[in-house]
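# Structural features, examined
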Amino acid sequence: MQKKEPQALDYWIETSDAVARQFKFEADGRLSVKVIDDSRPVLPRIVESFLNQFFPSGYPYSVNEGYLRYSQFRALQHLTSATLSVLSTQSLLFAAGLRPTPAQATVVSWILKDGMQHVGKLICSNMGARMDSEPKSWRILADVLYDFGTGLEVLSPLCPHLFLEMAGLGNFAKGMAVVAARATRLPIYSSFAKEGNLSDLFAKGEAISTLFNVVGMGAGIQLASTVCSSVQGKLIVAPLLSIIHVYCVAEEMRATPINTLNPRRTAMVVANFLKTGKISSPADLRYMENLFFPGRAIEDAGSVKVGRDLHKVVKPSKLSELREMFPEEKFLINCGTKWTDIVLEHSATGEDALKGWLVAAYAASMEKSSHGTKEILLLESYEKIESLFPSFLSELKMKGWHTDRFLDGTGSRFAW
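Residues numbered from 1 in each chain as written. Predicted model: local features only at pLDDT ≥ 70, side-chain atom pairs only at ≥ 80, totals over all residues. Heavy atoms only, no water.

Each helix and strand counted, the protein chain has 14 helices and nine strands in total. Expressed as a percentage of its 416 residues, the buried residues of the protein chain come to 45%. In the structure as shown, the protein chain presents an accessible area of about 22600 Å², 59% of it carried by carbon and sulfur atoms. (Helix = DSSP H or I, 4+ residues; strand = E, 2+ residues; numbered from the N terminus. Buried < 20%, exposed > 50% of the residue type's maximum accessible area, 1.4 Å probe, protein only. Areas by Shrake-Rupley, 256 points an atom, 1.4 Å probe, with all protein chains shown as cover.)

Within the largest apolar cluster, 47 residues are counted, with the highest numbers of intra-cluster contacts made by Phe 326, Ile 333, Ile 342, Leu 344, Trp 357, Phe 392 and Leu 396. Every residue in contact with Phe 326, bar those within four places of it in the chain, is listed here: Phe 331, Ile 333, Val 359, Leu 378, Leu 379 and Tyr 382. In terms of nonpolar packing, the next biggest core, distinct from the first, is built from 20 residues, Tyr 189, Ala 193, Ala 207 and Val 249 among them. (Core = buried A, V, L, I, M, F, W, Y, C linked by side-chain atoms within 4.5 Å. Contact = heavy atoms within 4.5 Å.)

Right, let's get into the layout of surface pockets. Here the largest pocket defines a volume of roughly 850 Å³. As for the largest pocket, its lining consists of 21 residues, of which Val 33, Pro 56, Ser 57, Gly 58 and Tyr 59 are closest to the centre. If one sorts the elements of the lining of the largest pocket by residue count, strand β3 (residues 31–38) sits on top with four residues. Residues belonging to the lining of the largest pocket are distributed by class as follows: 10 nonpolar, six polar and five charged. (1 Å grid on protein atoms, 1.4 Å probe; cavity = no way out; pocket = protein on both sides within 12 Å on 5 of 7 lines; lining within 4 Å. Points joined across faces, edges and corners; volume = space filled by probe spheres on them. Nonpolar A, V, L, I, M, F, W, Y, C, P; charged D, E, K, R; others polar.)

Moving on, we get to the pairing of strand β7 (residues 340–345). Across the six residues that make up β7, a large majority, five, are buried. Where strand β5 (residues 304–306) lies against β7, three bridges are found, and the strand directions are parallel. Its bridge partner being in β7, Lys 305 is matched across the sheet by Asp 341. Two elements, strand β6 (residues 331–335) and β7, share five bridges in a ladder whose sense is antiparallel. Looking across to β7, one finds that Ile 333 is bridged to Ile 342. Counted between consecutive antiparallel strands, the loop separating β6 from β7 contains four residues. Bridge count between β7 and strand β9 (residues 413–414): two bridges; the pairing is parallel. Directly across from Leu 344, in β9, lies its bridge partner Arg 413. (Pairing = 2+ DSSP bridges.)

Attention now goes to the packing of aromatic side chains. Describing an aromatic ring pair means giving the distance of the ring centres and the angle of the ring planes. According to the stated counting rule, one finds 11 aromatic pairs in the structure shown. Ring geometry for Tyr 67 against Phe 192: centres 5.3 Å apart, planes inclined by 75 degrees, an arrangement best described as edge-to-face. Placement of Tyr 67 in helix α2 (residues 67–96) and of Phe 192 in helix α6 (residues 163–192) is noted, with a sequence separation of 125 residues between them. The class for Tyr 67 is buried, based on a relative accessible area of 2%. The class of Phe 192 is buried, set by a relative accessible area of 0%. Where Tyr 70 meets Phe 192, the ring centres are 5.1 Å apart and the plane angle is 45 degrees; that geometry is what we call tilted. Taken together, the residues span a long stretch of sequence, with Tyr 70 in helix α2 and Phe 192 in helix α6 at a distance of 122 residues. Across the pair, Phe 192 and Tyr 70 agree in class, each one buried. One aromatic cluster is present, formed by Phe 55, Tyr 67, Tyr 70, Tyr 189, Phe 192 and Phe 202 through successive ring pairs. (Phe/Tyr/Trp six-rings, centres within 6.5 Å; stacked < 30°, edge-to-face > 60°.)

For Ser 85, the location among the structural elements is in helix α2. Considering only alpha carbons, one finds Ser 85 and Glu 153, 68 residues apart in sequence, at a separation of 9.3 Å.

Glancing now at the pattern of salt bridges. It is possible for side chains of opposite charge to pair when their charged atoms get near one another. Applying the stated rule across the entire model yields 18 salt bridges. Glu 206 is the salt-bridge partner of Arg 74, the closest N and O atoms lying 3.7 Å from each other. Pair noted here: Arg 74 is in helix α2 and Glu 206 is in helix α7 (residues 198–224), with a separation of 132 residues, a long-range link. On the accessibility criterion, Arg 74 (5% relative accessible area) is buried. Given the relative accessible area of 26%, Glu 206 is considered partly exposed. (Salt bridge = Lys/Arg side-chain N within 4 Å of Asp/Glu carboxyl O.)

Another aspect to go through is the packing of α6 against α7. Their axes nearest at 9 Å, the elements α6 and α7 cross at an angle of 115 degrees. For the element pair α6 / α7, the angle class is roughly perpendicular. Crossing geometry of α6 relative to α7 is assigned as right-handed. Facing α6, whose interface residues are Arg 185, Leu 186, Tyr 189, Ser 190 and Phe 192, α7 presents Leu 198, Leu 201, Phe 202, Gly 205 and Glu 206. (Axes fitted to C-alpha atoms, helices over the stretch in contact; angles between N-to-C directions. Parallel < 35°, antiparallel > 145°, perpendicular 65-115°, else oblique. Left-handed = near helix turned anticlockwise from the far one by under 90°.)

With their axes 7 Å apart at the nearest point, helix α13 (residues 350–367) and helix α14 (residues 374–398) run at an angle of 130 degrees to one another. Judged by the inter-axis angle, α13 sits oblique to α14. Crossing handedness for the pair α13 and α14: right-handed. Partitioning the contact of α13 with α14 into residue classes produces 15 nonpolar, one polar and eight charged.

Okay, the confidence of the model for the protein chain next. Predicted confidence across the protein chain gives a mean pLDDT of 83, with 89% of residues reaching 70 or more. Ranking the helices and strands of the protein chain by mean pLDDT puts helix α8 (residues 231–255) first, with 93, and helix α3 (residues 102–125) last, with 64. Confidence drops under pLDDT 50 across residues 3–7; counting only partners more than four residues distant or on other chains, this segment forms zero contacts. Low confidence marks residues 98–106, where pLDDT is under 50. Its contacts with residues over four positions away, or in another chain, come to one contact. (pLDDT = per-residue confidence, 0-100.)

Put into structure tokens, the structure is as follows:
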């Protein structure tokens, strides 16, 4: 008698805390959860409904560390931003004074809302590569620009004769802010997408933004009709809201574990590895990043700079010598008196940048206790790194780092 093969289980039911849930694997491999019986009190059901509405499916296991803190400050950021928007709009109406004719209103509207804002968007769109490299810093800058534009609108009643200029400049700053905020949204959400659930993260993030924008508008209307009904009231409340707004954005970014390699994060990984022998994860480094001055060289990582023009780094007479030092690699290393320059080949990846950085940093650490020439120390360092780099790279990937690219912004690269 032939035995029957057991059928594959495509769903099951789990009962916990008076709730029966059906778990099922969909055709695309995703695990869906459906509540089929719920006898809990009203409050726990409301809490779970809120989580389902504003947090990704499977939270907290479907996101990386820091997502809750990011969401909390994002909510407060949108609340303050919407409140500021109401106050600035009221100020603009006061500054406009007389009611314009339809023709004048059309021209002014285009200049303020479309013309100047579009110019700001076009200028900021040229900096997309830098935003890929430093999404956190650019996200903070976006909100600073937004608050600057809003501040000009709040101040416009004080100088109504400059209404057009102040409102135009304000919208110009807001246009730049819009591009920077939107462009950095994807790398930030990607850092939290633990299970490839980027669309779910984006959708729930927009739900939080919408909810607290509405709450912020309500708060703005209340303030505009009470303590901020005068310009003096706005001059007190608006700066306070702006400070809270920027602080919330900074805390959001500090909680975000970006997992792509750029000069700053590479330097931090290398510095921690040389000091402790351990490799830090993106979550480990998130609170150590300098969000306001990301370009500073780190001495513990060899005081390395990446991306300077090749002709500024190497004299033509020395170029062939540097090429022969590491002929199989996609980087050139030139040791200077104050720092070490690394120039990457056009097709270099994050792995190439990491290897070159490790060689330069290890040579710099050897220089403190050795009297050999810089060239000899580089060669000795290269031999050391060559043997340990495969295990280093393997553990780096296990920690969640993406090593296929090195995001150096507008850094210069070379090709033969």
